[in-house]
Amino acid sequence: MPRVRTLFLSDIHLGTRACQAEQLLDFLREHPADKVFLIGDIIDFWAMSRSIHWSAAQNTVVQKLLRRARHGEEIVFIPGNHDEALRDYCGTVFGDIRVEHEHVHTTADGRRFLLVHGDEFDQVTRYHRWVAVLGDMSYTLLVRLNIVLSWVRRRLGWAGYWSLAGYAKRRVKTALQFIFDFEESVIHAARDRKLDGVICGHIHWAAIREVDGLTYVNCGDWVDSCTGIVEHLDGRLELVTWRGAATAALPSPELLEKA
């Protein structure tokens, strides 16, 4: 796989059973890069306070990132709400990985993007933490059920990947409205700073789309959709869904809603 300029990854949720570390390792092997931005919820301290699942593959993810940093890749970690304890260490460097509260990234074609996890634009997470924790537990349950459903689909010979959590989001109008309100809030923050767009995570809803002349980018997650953002050498941003060796563009929320 040819080298790319930048990788943007969020919501890996190391420390949980739902983390698809093997898929992420495959993705990282196929995408050598000059820079890697880890945009929040990389380690899930919320879930680990209830129970810890740390597999060999998850350990390898950490080792691989540290190794890439040692070998010259610039790696920046922007903590999210699930690993918010690490925000106390913003401005420091751990194993050649720099921790920052936020970052402004300039693409090869000159566009400037605000990089934030996004939880600061989520009113539920900011002001009703117990609701956010309950929602997180419900989402984790859906993801675990999806593992069983995926096994059944394979046994029946049904092709393709189907996400129970994604289906629930598409069918619950309040969830969709939350997503659109979130997108509007982060785009507003980028506009206030006179930037060209924003790259974030948090809501596990991958997308690249234009909003009133600015570019909204969400990295998605590595517990359900297995998505990441790639910046090519010419500055073009691509949304990649990773299923083993196969990659495909993920439809926008609008197209999914019409499906």
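To be clear, the structure that these remarks concern was listed above.
Rules used in this analysis
Residues numbered from 1 in each chain as written. Predicted model: local features only at pLDDT ≥ 70, side-chain atom pairs only at ≥ 80, totals over all residues. Heavy atoms only, no water. Helix = DSSP H or I, 4+ residues; strand = E, 2+ residues; numbered from the N terminus. Buried < 20%, exposed > 50% of the residue type's maximum accessible area, 1.4 Å probe, protein only. Contact = heavy atoms within 4.5 Å. Areas by Shrake-Rupley, 256 points an atom, 1.4 Å probe, with all protein chains shown as cover. Pairing = 2+ DSSP bridges. Axes fitted to C-alpha atoms, helices over the stretch in contact; angles between N-to-C directions.

Peer 1: Would you mind going over the overall build of the protein chain in detail, with residue names and values included?
Peer 2: A count of helices and strands for the protein chain gives eight helices and 13 strands. Taking all 259 residues of the protein chain together, 50% fall into the buried category. Long-range contacts, defined as pairs at least 24 residues apart, comprise 66% of the intrachain contacts of the protein chain with a sequence gap of at least 6. With an accessible surface of roughly 12400 Å², the protein chain has 58% of that area assigned to carbon and sulfur atoms.

Peer 1: Please provide a residue-by-residue account of the pairing of strand β3 (residues 74–77), values included.
Peer 2: Here strand β2 (residues 33–38) pairs with β3 via four bridges, running parallel. Bridge pairing links leucine 38 to phenylalanine 77 in β3. Strand direction decides the pairing type here: β3 and strand β5 (residues 97–99), joined by three bridges, are parallel. Directly across from isoleucine 75, in β5, lies its bridge partner isoleucine 97.

Peer 1: An account of the sheet that holds strand β6 (residues 103–106) is requested, with residue identities and associated values reported.
Peer 2: Taking strand neighbours across the sheet as the criterion, the five strands line up as β6-β7-β8-β10-β9 in an open arrangement whose pairing is mixed. Every interior strand has two partners, whereas the edge strands, β6 and β9 (207–211), have only one. Neighbour-to-neighbour, the strand axes of this sheet turn through a mean angle of 20 degrees, independent of strand direction. Both β6 and strand β7 (residues 112–115) contribute to a ladder of four bridges, which runs antiparallel. For valine 104, the partnering residue across the bridge sits in β7 and is leucine 114.

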